[in-house]
Amino acid sequence: MNVAVNEFTRSLLKKDDLSSSTVAELEQLVSRYPYFIPGRLLYLRKLQETGEGSLAEEMRKAEIWLPNTAWLDHLLFETGSVEVVNDAVLPNETGA
């Protein structure tokens, strides 16, 4: 499972992994805090794992609040690899 999903689960739900939570529990989190993307991500991942509900419909809702849908696809479907690059000020190549 994706490292980010595990970290979100431990931080938000105080559980070791997503399998310890229920769809109803995550649905309640999302309905209470609809703009909270990490909660929505866990809800989507749980829908994906269990096959309950409509994953496609919930993904469309998530895409409203999430500007980078490639990131969502990566976290849910583990597409490709991601390299974390620290934000840094690069030297100006022209010397100015």
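The notes below deal with the structure included here. What you are looking at is a predicted structure, and each value in this text was computed from that prediction instead of being measured.

Regarding helix H4 (residues 55-65), the residues found buried are Glu58, Met59 and Ala62. Down the axis of H4, the buried side of the element spans an arc of 105°, and every buried residue falls inside it. The exposed residues of H4 that point more than 90 degrees off its buried face are Arg60 and Ile64. In the core, the buried residues of H4 are packed alongside helix H3 (37-50) and helix H5 (69-77).

Moving on, we come to the nonpolar core. Grouped together as the largest cluster of nonpolar side chains are 19 residues, with contacts concentrated most on Leu26, Leu41, Leu42, Tyr43, Leu44, Leu72 and Leu76. Where this core is concerned, the elements lending two or more residues are helix H1 (3-13), helix H2 (23-32), H3, H4 and H5. Top contributing element to this core by residue count: H3, with six residues. Once residues lying within four places of it in the same chain are set aside, the contact partners of leucine 26 are Leu13, Leu18, Ser21, Leu42, Tyr43 and Lys46.

Let us look at the packing of H1 against H3. Close contact between H1 and H3 brings their axes to 10 Å; oriented N to C, the two are set at 115°. In terms of crossing hand, the pair formed by H1 and H3 is left-handed. Contacts between H1 and H3 pair Val5, Phe8, Thr9, Leu12 and Leu13 from the former with Pro38, Gly39, Leu41, Leu42 and Arg45 from the latter. Taken together, the residues of the contact of H1 with H3 sort by class into seven nonpolar, two polar and one charged.

Reading the values: rules and limits
Residues numbered from 1 in each chain as written. Predicted model: local features only at pLDDT ≥ 70, side-chain atom pairs only at ≥ 80, totals over all residues. Heavy atoms only, no water. Buried < 20%, exposed > 50% of the residue type's maximum accessible area, 1.4 Å probe, protein only. Helix = DSSP H or I, 4+ residues; strand = E, 2+ residues; numbered from the N terminus. Arc of directions from axis to C-beta. Contact = heavy atoms within 4.5 Å. Core = buried A, V, L, I, M, F, W, Y, C linked by side-chain atoms within 4.5 Å. Axes fitted to C-alpha atoms, helices over the stretch in contact; angles between N-to-C directions. Left-handed = near helix turned anticlockwise from the far one by under 90°. Nonpolar A, V, L, I, M, F, W, Y, C, P; charged D, E, K, R; others polar.

On their own, these measurements won't tell you what the molecule is for.
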